[in-house]
Amino acid sequence: MSLKPRDRLALLTSGGDAPGMNAALRGAARVGAQLGLEIVGVEEGYVGLMAGRVVPLDVYALDEASRRGGTVLGTARSKVFPTPEGQAAARTQIVAHKIAALLVIGGNGSLTGARTLAGAATHDGNRLLVAGIPASIDNDLACTSMAIGVDTAMNTIVEACDRIFDTATAHRRTFFVEVMGRDMGYLAMTAGIAAGADCVLVREVGRSDDAIVDQVVQTMTHAYTGNTGKRRVLVLKSEGVKMDLNDLKRRVDEKMRAVVPDVDTRVTVLGHVVRGGSPTAFDRLLGARLANAAVRELMAGKTDFMAGWVGPGVTAPVVEHDPYVVAAPLDQVLADTARLHAGDSPLAQWRKRVYSEVESILEK
Ligand code: F6P
């Protein structure tokens, strides 16, 4: 059943914060208001939902917040919510606060939680509509090519590596840098490629600790003795690789002593530095666009879905080695580009329509 003007849409952020969550909140609030919905926020994720901490949202405050990391609503990882008591408490509050639809912005655990609430009874005898938006710096959700926060985290890592390179090069050192990503090596790998790391260690490859040590020793030996002109080595390790970084350093130092005794190694764990900070333009836009789509789908009565990012109008089959890359024939590329410039392709028309919709939403 579709939503009606003045129906209440609740926004909730949950799990690890990700830069761009505020931009998603802002997008949902602005689009929802445009559609005539009453938008409220739930504080601190499912913890706040169980306690009925439902607050009005100020669109202008969200405009300001969208430039910042974290989430103005607060977030949490609740252990109680998945229990029968937690579920019951959440359902009671959904009725008490007259919530007709719930938009959950978060990662895997958060969307698992959202799933359990889809179809819950509402105050007027209808069923709760539920949608999710992927937000996690780990990029560990399926059905979306990017989750909110990934791009910012990647840029933060690249910037940190650039700084570390300065010292590493000045001192002819090797740095072992660990980054977040939980079990996923995506963040380490993409940032490593972008930063120009010499070696990226990710869990997915499945190397033993001994093999990892050998891999690093080989990289360092090549860099410092292989006539490469290199004055530094950067090893980027994803936290999914469980080997302790200091242990790795000690074991590599032992082996390298005989090869290049004058090369020092240092350890840097970037930790939560990677998760904070002002979201990139991409993450702000991703948040806004996923929110826009999710709210409009909810308005039309769709439920139990996640708005995922694929890329508009890309229909060619993906290449064998990368599920995010298509090999489109050049003829088609050039012909479609010409239509885009002429304004008569579906993408061009879609942009034109959305630009005018956005104008009217933003001008308020
Ligand atoms: O899921 C995001 C993430 O930052 C992971 O990369 C990391 O393993 C985890 O959260 C850290 O969680 P917390 O902030 O609870 O320590």
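Residues numbered from 1 in each chain as written. Predicted model: local features only at pLDDT ≥ 70, side-chain atom pairs only at ≥ 80, totals over all residues. Heavy atoms only, no water.

Things to note about the domain arrangement of the protein chain
Reports of interface size often rely on the accessible area that becomes lost once the parts have come together.
1) Next: One can read the domain layout of the protein chain as domain 1 (8-149 + 279-342) and domain 2 (150-275).
2) Next: Here the C-alpha centre of domain 2 lies 34 Å away from the C-alpha centre of domain 1.
3) Next: In this assembly, 17 residues from domain 1 lie in contact with 14 residues from domain 2.
4) Next: Between the two partners, domain 1 and domain 2, sit 2 salt bridges.
5) Next: Where domain 1 packs against domain 2, one counts 9 residue pairs in polar contact (both at pLDDT 80 or more).
6) Next: The residue makeup of the side of domain 1 that touches domain 2, split by class, is 7 nonpolar, 5 polar and 5 charged. (Domains from an automatic or database assignment. Contact = heavy atoms within 4.5 Å. Salt bridge = Lys/Arg side-chain N within 4 Å of Asp/Glu carboxyl O. Polar contact = N/O pair within 3.5 Å; in protein donor to acceptor, adjacent residues only side chain to side chain. Nonpolar A, V, L, I, M, F, W, Y, C, P; charged D, E, K, R; others polar.)

What to know about the packing of aromatic side chains
1) Next: All chains considered together, the criterion is met by 2 aromatic pairs.
2) Next: Measuring from centroid to centroid gives 4.0 Å for Tyr46 and Phe81, while their planes differ by 5°, and the two rings are stacked. Within this pair, whereas Tyr46 is found in helix α2 (residues 45-51), its partner Phe81 is found in the loop between α3 (59-65) and α4 (84-96), the two being separated by 35 residues in sequence.
3) Next: Ring centres 6.3 Å apart and planes at 80° place the aromatic pair Phe282 and Trp309 in the edge-to-face group. One end of the pair, Phe282, is in helix α10 (residues 281-299); the other, Trp309, is in the loop between β10 (305-306) and β11 (318-319), and 27 residues separate them in sequence.
4) Next: For Phe282, a relative accessible area of 31% puts it in the partly exposed group. (Phe/Tyr/Trp six-rings, centres within 6.5 Å; stacked < 30°, edge-to-face > 60°. Helix = DSSP H or I, 4+ residues; strand = E, 2+ residues; numbered from the N terminus. Buried < 20%, exposed > 50% of the residue type's maximum accessible area, 1.4 Å probe, protein only.)

What about the sheet that holds β10?
1) Next: Strand order across the open sheet formed by 6 strands is β3-β2-β1-β4-β5-β10, with mixed pairing between neighbours. Strands at the two margins of the open sheet, each flanked by one partner only, are β3 (54-56) and β10.
2) Next: In this structure, strand β1 (residues 8-13) lies alongside strand β4 (residues 101-106), joined through 5 bridges in parallel fashion. Paired with Thr13 across the bridge in β4 is Ile105.
3) Next: The strands touched by helix α5 (residues 108-117) are β4, β5 (129-134) and β10; relative to β4, the strand with the most contacts, the crossing angle is about 165°.
4) Next: Sheet strands touched by α10: β1, β4, β5 and β10. Its angle to β5, the strand with the most contacts, is close to 165°. (Pairing = 2+ DSSP bridges. Axes fitted to C-alpha atoms, helices over the stretch in contact; angles between N-to-C directions.)

Quick look at the pairing of strand β8 (residues 233-238)
Looking along a regular strand, one sees the side chains alternate between the two faces of the sheet.
1) Next: Summarising burial for β8: 6 of the 6 residues are buried, a large majority.
2) Next: Residues Val233, Val235 and Lys237 line one face of β8 and the alternating positions Leu234, Leu236 and Ser238 line the opposite face, and both faces are buried.
3) Next: In terms of strand pairing, strand β6 (residues 173-179) meets β8 through 6 bridges, oriented parallel. Bridging across to β8, Phe176 finds its partner in Val235.

Quick look at the packing of helix α1 (residues 21-34) against α10
1) Next: In the contact formed by α1 and α10, the axes pass within 7 Å of each other and the chain directions differ by 40°. Classified by the angle between their axes, α1 and α10 sit oblique to one another. The two elements α1 and α10 meet at a crossing, and its hand is right-handed. Here α1 contributes Ala23, Ala24, Gly27, Ala28, Val31 and Gly32 to the contact with α10, which in turn contributes Arg284, Gly287, Ala288, Ala291, Asn292, Val295 and Arg296.
2) Next: A per-class count over the contact of α1 with α10 returns 7 nonpolar, 4 polar and 2 charged. (Parallel < 35°, antiparallel > 145°, perpendicular 65-115°, else oblique. Left-handed = near helix turned anticlockwise from the far one by under 90°.)

Here we look at the pairing of β1
1) Next: Among the 6 residues that make up β1, 5 are buried, leaving the element largely enclosed by the rest of the structure.
2) Next: Note: β1 against strand β2 (residues 38-42), 5 bridges, orientation parallel. Bridge pairing in β2 places Leu11 opposite Gly41.
3) Next: As for the winding sense of the linkage, the β-α-β connection from β1 through α1 to β2 is right-handed. (Right-handed = clockwise from strand over helix to strand, strands pointing away.)

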